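# Structural overview
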Amino acid sequence: MPSVIGCSMPQIYKFLTALLASTGCISLVITGEMNPIMMITGIGLFPGYYRFLRGMAPAPKWAVSSFSFLTLIVFFFDSFVISNDSFLGVAHLTITFQVIKSFALKEPWDHLQVYFMALLQLIVASELTNSIAFGIIFLLFLVAFVSAMVLSHFVKEGTTGKVRFRAPVFAISVLALFFTFLFFVSLPRVSGKIWGKSHIKSIRTVGFSERVDFGSFGDIKADPTVIMRVELSAAEGRPYYWRGMTLNYFDGTSWANTLEKVRIYKDGELFMIRPFRQEDAIAQKIFLEPMDNEVLFGMSDIAAVESAGYSMATDFAHSLFLPFKKGKRFNYLAYSTRDSVPVAEKNLLRYLQLPPGMEGISRLAKDITDPGDSPDQRAQKIERYLMRNYSYSLSVPQPPDGMSPIDDFLFNTRKGYCEHYATAMILMLRTLGIPSRIVTGFFGGETNDYGQYIIVRQSNAHSWVEADIDGIWKRFDPTPPVSEDVTSGISLFLDMIRMKWGRYIVAFSLFDQREIARFMSLPFRLPSMPELKSLRGTVLVIVFALPAGLMLVWVIMKSLRWKRYGPVTGYYLRVRDLVRKRGGAITPFSTPADVSREAVKTGMGSGISEFVTLYEEHRFGGKIMTEEAGANYKELFRELNN
């Protein structure tokens, strides 16, 4: 038997409730972090809202209470055993709550519970994903939420069949989107997460820690995951070497970085690593995906960095480390020079260190080179020898017991990937007394013509050699060139959309707020301190945009003040307001009879009695106002208003 209460609700109101519950649950599903077993209960949304939309009676109270108690028990079991994460346990709990509520919607308050639970689901989902799909769902939720809240007011007032609510819904939706944008742009960015830690998974990288096991690069060379996207200030010829960090100590099975780090602080807007001429530098806007390391990447040797944060670390090899960016989408501007980097270190013995058992490699290095060769000639000969006599392969078997990976590469399999080539060259150079080190980073990248930027993937991970040649750190790359897969045009177009989403929405930061402040204050020549600029940018947005927004709200709400109640109630409220302005004792609790009596006292005429009678018949008597009665009602209103 259909529910009386359910039938009294507009169908669009019931549909919006179902839509909001669905958007909340879908936002969690698309994160990919939900346990499939714990999401099975979500199937119950279909029969629950099918019954609700058909006007069927809610489930018995005892059934709802029993399932709610059972859900609470499952929540604790899920949080500490199944998912072992209370945050994900809450996410699973909200899905089950929405299902239970779909069978127990009676009063308007029940609908509000669904709305705010859906809002909580979107907040939880925002901690688990940054995808474009989530952004689309959020916008859909925002419009549906505003529409439902406006409708809930009319449902409560019992005027849903007597007013046109499309105009207020549209106006308030536009205002909601406007203020959402305003707050998004102007609110200060702070580090940290709502729930104390980030639940967005970082990309696992190799080669960018203090210790790197030999052979680890082979695990990620086939991974097409995008690591970063780069915009260059000017056309720069290939090849692109995106330098990360250097490693200097090799024990036969792993590389390590033993260089001491020093902390550097901002000089104005820049982290200055070494002096340079900005007009001669290669500027790179780099947009990093969340990664599990602190390393900053850039062309050649980075001379300066403009980014968020107050301090970073560097070592004698000019590797850069910024803990602030770990696990986040992060963008920064790097300046690299085309000049050769001089060897500034006095103690180069660390770059001559060799593990035991290098006799065979030493003999090979001497066979390849001539005693009279300069260091540069020796390095070039070794580089050419490795490129021409060895094959590139990611399928490298484990070396036999008792044989090192490099000996196996040089004298047995004669195939390997960048780690094998770079390590072999470094060890041969060191046996010849030439200081050298391994550099880890990325090589190449795919140009996306849709967005005019370079896509760098995990598969571009690379290692190469830097050797001390006549007091200059010179790059050598003995790894043979490998052809790259070509990405389809559709994939590149979609990546451009993802890049813009990540750049301007997900990774919007204090750095971007400072850029807005610059744009808005061009005539004023703001000081160079970035903190002051970002603060002024926020103040400027609030001072100018907020009053403009409030003025727009006031104008719209003034025009909708009476319309939101429908024409009959609107005319009555305007007459009541007029009586009050003319000296009548009108309060918010005055009845129509009180209004009629006070109107007579103020000399508004005999028409007030007929006007109030027509209003009461329509508002409280349920009498539909005919076209003739409506015309008479409007005429009476005009007479009273004169």
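The following refers to the structure shown.

Thresholds applied
Residues numbered from 1 in each chain as written. Predicted model: local features only at pLDDT ≥ 70, side-chain atom pairs only at ≥ 80, totals over all residues. Heavy atoms only, no water. Helix = DSSP H or I, 4+ residues; strand = E, 2+ residues; numbered from the N terminus. Buried < 20%, exposed > 50% of the residue type's maximum accessible area, 1.4 Å probe, protein only. Contact = heavy atoms within 4.5 Å. Areas by Shrake-Rupley, 256 points an atom, 1.4 Å probe, with all protein chains shown as cover. Pairing = 2+ DSSP bridges. Axes fitted to C-alpha atoms, helices over the stretch in contact; angles between N-to-C directions. Parallel < 35°, antiparallel > 145°, perpendicular 65-115°, else oblique. Left-handed = near helix turned anticlockwise from the far one by under 90°. Nonpolar A, V, L, I, M, F, W, Y, C, P; charged D, E, K, R; others polar.

Before going further, it helps to examine the overall build of the chain. In terms of regular secondary structure, the chain is built from 19 helices and 21 strands. The buried share among the 642 residues of the chain stands at 50%. Look at the contacts in the chain between residues 6 or more apart in sequence, and 74% of them connect residues 24 or more apart. Accessible area of the chain: about 32000 Å², with a carbon and sulfur share of 62%.

This next bit is on the pairing of strand β2 (residues 226–232). A large share of β2 lies buried, amounting to 6 of its 7 residues. Summarising the sheet, β2 and strand β8 (residues 282–288) pair through 5 bridges and their orientation is antiparallel. Bridge pairing links Val230 to Ile286 in β8.

Residues other than glycine seldom take positive phi values, yet His318 does so here, at roughly 65 degrees. Assignment of secondary structure puts His318 in the loop between β11 (311–315) and β12 (320–321). Of note, the phi angle at Gln452 is positive, near 55 degrees, even though the residue is not glycine. Following the sequence through the fold, Gln452 ends up in the loop between β18 (446–448) and β19 (453–457).

We now examine the sheet that holds β11. Pairing in this open sheet of 10 strands is antiparallel, and the strands run β12-β11-β6-β7-β10-β13-β8-β2-β19-β18 from one edge to the other. Whereas interior strands pair on both sides, the edge strands pair on one side only; in this sheet they are β12 and β18. Two elements, strand β7 (residues 270–272) and strand β10 (residues 302–306), share 2 bridges in a ladder whose sense is antiparallel. Bridging across to β10, Phe271 finds its partner in Val305.

With that out of the way, let us pick up the packing of helix α17 (residues 592–601) against helix α18 (residues 607–619). Close contact between α17 and α18 brings their axes to 9 Å; oriented N to C, the two are set at 170 degrees. Considered as vectors, α17 and α18 are oriented roughly antiparallel to each other. Between α17 and α18 lies a crossing of right-handed hand. Listed contacts from α18 to Pro592, Ala593, Ser596, Ala599 and Val600 of α17 are Ile608, Ser609, Val612, Tyr615 and Glu616. Across the contact of α17 with α18, the residue classes tally to 7 nonpolar, 2 polar and 1 charged.

Before going further, it helps to spend a moment on the sheet that holds strand β5 (residues 254–256). Taken together, the 3 strands give an open sheet; going across it, the order is β1-β5-β4, and neighbouring strands pair in antiparallel fashion. In this open sheet, the two edge strands, each paired with only one partner strand, are β1 (211–213) and β4 (249–250). Bridge count for β1 against β5 is 3 bridges, and the pairing is antiparallel. In the strand pairing of β5, Arg211 is matched with Ala256. Contacting β1, β4 and β5, helix α12 (residues 418–431) runs over the sheet at an angle of about 70 degrees to β5.

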